[in-house]
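Residue-level structure breakdown
What follows is each chain in one-letter form.
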Amino acid sequence: MHNGKPTILIVDDEPFNLDLLEQELADDYEVVRAQDGAEALRQADACDPDLILLDVRMPPGPSGLDVVRRLRRTERHVTTPVIMLTAQSGLGEKVEGLDAGADDYITKPFVSEDLQARIRSALRIGHLQKELELERNELKETLGELRAAETKLIHSEKMAALGKLVAGVAHELNNPIGFIYANMDHFRRYVGEVKAVCDSASLTPEAAARATRAFDTLGRLVESCANGADRIKRIVLGLRTFSRLDEAELKTVDLREGIESTLALLEHHMKDRVEAHRDYGDLPPVECFAGQLNQVFMNLLSNAVDAIEGKGDIWITTRQEGEAVRVSVRDSGKGIAPEHLPRIFDPFFTTKDVGKGTGLGLSISYGIVEKHGGRIEVASEVGKGSTFAVVLPAKAQVKNT
Ligand SMILES: Nc1ncnc2c1ncn2[C@@H]1O[C@H](COP(=O)(O)OP(=O)(O)OP(=O)(O)O)[C@@H](O)[C@H]1O
Ligand SMILES: [Mg+2]
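Residues numbered from 1 in each chain as written. Chains lettered and ligands numbered in written order. Predicted model: local features only at pLDDT ≥ 70, side-chain atom pairs only at ≥ 80, totals over all residues. Heavy atoms only, no water.

This part is about the site of ligand 1. If you check the shell around ligand 1, you find 19 residues, and the closest are Thr350, Thr351, Lys352, Thr358 and Leu362. At 3.4 Å, a backbone N or O of Gly361 approaches an oxygen atom of ligand 1. Between a nitrogen atom of ligand 1 and a side-chain N or O atom of Ser386, the distance comes to 3.4 Å. Protein burial of ligand 1: of its 590 Å² of free accessible surface, 91% is covered by the chains. The leading source of residues in the shell around ligand 1 is helix 8 (residues 290–307), at 3 residues. A breakdown of the residues in the shell around ligand 1 according to their chemical character gives 8 nonpolar, 9 polar and 2 charged. (Near = heavy atom within 4 Å. Polar contact = N/O pair within 3.5 Å; in protein donor to acceptor, adjacent residues only side chain to side chain. Areas by Shrake-Rupley, 256 points an atom, 1.4 Å probe, with all protein chains shown as cover. Helix = DSSP H or I, 4+ residues; strand = E, 2+ residues; numbered from the N terminus. Nonpolar A, V, L, I, M, F, W, Y, C, P; charged D, E, K, R; others polar.)

Take unusual backbone geometry next. Residue Pro109 is reached from Lys108 by a cis peptide bond, and omega for that bond is -5 degrees. Within the secondary structure layout, Pro109 lies in the loop between strand 5 (104–108) and helix 5 (112–200). With phi around 40 degrees, Lys271 is a residue other than glycine that occupies positive phi space. As for its position among the elements, Lys271 is in the loop between helix 7 (255–270) and strand 7 (274–280).

Every buried residue of helix 4 (residues 91–100) is accounted for by Glu93, Lys94, Gly97 and Ala100. The buried side chains of helix 4 occupy one side of the element, clustering within an arc of 130 degrees when seen end-on. Every exposed residue of helix 4 that faces more than 90 degrees away from the buried side is listed here: Leu91 and Asp99. Next to the buried residues of helix 4 lie helix 3 (64–73), strand 4 (82–87) and strand 5. Immediately beyond the C-terminal end of helix 4, within one or two residues, lies Gly101, with a positive phi of roughly 125 degrees. (Buried < 20%, exposed > 50% of the residue type's maximum accessible area, 1.4 Å probe, protein only. Arc of directions from axis to C-beta. Contact = heavy atoms within 4.5 Å.)

So, about the nonpolar core. Leu255, Leu293 and Ile314 are the most contacted members of the largest nonpolar core, which totals 43 residues. Of the residues forming this core, the biggest block, 9 residues, is contributed by helix 8. When sequence neighbours within four positions are dropped, the list of residues in contact with Leu293 reads Leu255, Cys288, Ile368, His372 and Leu392. With 19 residues, the next largest nonpolar core counts Ala40, Val67, Val68 and Val82 among its residues. (Core = buried A, V, L, I, M, F, W, Y, C linked by side-chain atoms within 4.5 Å.)

Reading across the sheet, the 5 strands line up as 2-1-3-4-5 and stay open at both edges, with parallel pairing between neighbours. This sheet does not close on itself; its edge strands, each paired only once, are strand 2 (30–34) and strand 5. For this sheet, the mean angle separating the axes of adjacent strands, direction not counted, is 20 degrees. The pairing of strand 1 (residues 7–11) with strand 2 spans 5 bridges and is parallel. Each bridged residue has a counterpart across the sheet, and for Ile8 the counterpart in strand 2 is Val31. Running over the sheet, helix 2 (residues 37–47) touches strand 1, strand 2 and strand 3 (51–55) and is turned about 150 degrees from strand 2. Along the sheet face, helix 3 touches strand 3 and strand 4 and points at about 165 degrees away from the line of strand 4. (Pairing = 2+ DSSP bridges. Axes fitted to C-alpha atoms, helices over the stretch in contact; angles between N-to-C directions.)

Quick look at the sheet that holds strand 11 (residues 375–381) now. Strand order across the open sheet formed by 5 strands is 7-9-10-12-11, with mixed pairing between neighbours. Every interior strand has two partners, whereas the edge strands, strand 7 and strand 11, have only one. In this sheet, neighbouring strand axes are inclined to one another by 15 degrees on average, regardless of whether the strands run parallel or antiparallel. Pairing analysis gives 7 bridges linking strand 11 to strand 12 (residues 385–393), with the strands arranged antiparallel. The residue bridging Arg375 from the neighbouring strand is Val391, located in strand 12. Sheet contacts for helix 8: strand 7, strand 9 (312–321), strand 10 (324–331) and strand 12; angle to strand 10, the most-contacted strand, approximately 25 degrees.

The next point concerns the UniProt feature "coiled-coil region" (unreviewed entry) in the chain. The residues that UniProt annotates with the feature "coiled-coil region" (unreviewed entry) are residues 125–152. With 100% helix and 0% strand, the stretch residues 125–152 has end C-alpha atoms that lie 40 Å from each other. (UniProt positions renumbered as here; feature names shortened; annotations may be inferred.)

Have a look at this one:
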C-alpha cells in the first residue's frame, strides 16, 4: 500500500494494454507495470502488491499460468489476489488459471465497471485474508508464550518442591549429625581411657593380647565413624548451600563456592569413575540468585557425569572476561549428535531412558541464565565430549519475570 492507495501490479506483454489498464486504474490505485513473466515475479517481490492483474499469454517467456504457480509456491505471495486477463474464447485458459491458483479472471477487452468491481472484490478478500493471517500469527505467538509459561511453571514447581525437600532434609539431619560429630571426640577419649585402664591392669598374656586386638579394631572403627560423620556434615552443608532457600533475593557470591557445593553433592555419583579437574581463575563476586545458579551448575555437571560411560574426566574452568564471568564445564563423555544439538534446550527433550531424565535440566538452566542476562554456549563432538559454558555479567541484569 502506497500513500493509502492499494498497489496493483499489472502484467501484459502488450504496452498498449498496459497503458489502457493504467489509465483505468491510476486514479484509485498505485500502479506498477511489468511486461513479461520474469519481470512480474521481480516486481511482485519488489513492490509487494495488494493485487496482481496478469495476462495469461505472454510469449516467449513464462506464461501467466507459470507466474501464478510460482507465486503460490512462495510464502510471501501465497495469498496475494491474482486476476487473470484471458481471451474471450479461452475457456480452457480460464479453468487452468483458476486451477493454477488465480482467484478470478476477466476477459479482454474488459468492461470498465466489471474490472473495477472485480478488483474491489479481490482486494476485499485479500484484505480479509491478510487479517486472518495476522490473527493466526498472533495466536501462534500466544501459543508459544503459553508453552513457555507452562514450562516455567513446571520448572518453578519442581524447583520449589525440590528446594523444600532438600532444605527439610538438611534441617532434619543437621541436629543428629551435629551431636554425632560432637560426641566423636568424647568417644575417642573414653576409648583411650578404657585402654589405659586395661594397660595398667594385670592381665594374663592372652587377655592382654585380646585387649590389644580389640582396642586396635575399636580405634579403626572410631576413625571410620568420624570420617563418616565428617562426610555427612559436609553433605548437609552442601545441601544447605545448594538450596539456599533463605536467599531468595539477589546476593553477591563467589560462584566457585556454588560449584564446590554442587560437586560435593555429586561426589558419590562420580566416585572413582569420574575425576573433576578444577581450573579456577580469578573470579569477581557475581550478583545473582545463588540457589538458582547452583541449580544450573548441578544440571550441567550431572549431564556431564551422565555423558561419561565408564571412566572419564570433567574440567571446570572459571574466568573473568571483561565485565563478564565464564564458567565452563567440559566432559570427556559421548558427545551430542549434531541432529540433537538444536533440540537439547527444548523442554522435555531427553535421550535418557524413561524415568531417568525429564529433559528439563537444560531448558531450566537456559531460563535461569537468561534471566541473569547471560547465555549458555555449547560445543560438542561425538565420541570426544562436550563443553557447556555459562557466561554471566558480573553485575546482575536480572529480568523481572
Ligand atoms: N554434557 C552432555 N553430553 C552429552 N549429551 C548431553 C550433555 N548435556 C546434555 N546432553 C543431551 O541433552 C539432553 C537434554 O539434557 P537435559 O539436561 O535438558 O535433560 P536430561 O539430562 O535428559 O534430563 P534431566 O536433566 O531431567 O535429568 C540429554 O538427554 C542429552 O541427550
Ligand atoms: Mg540433565
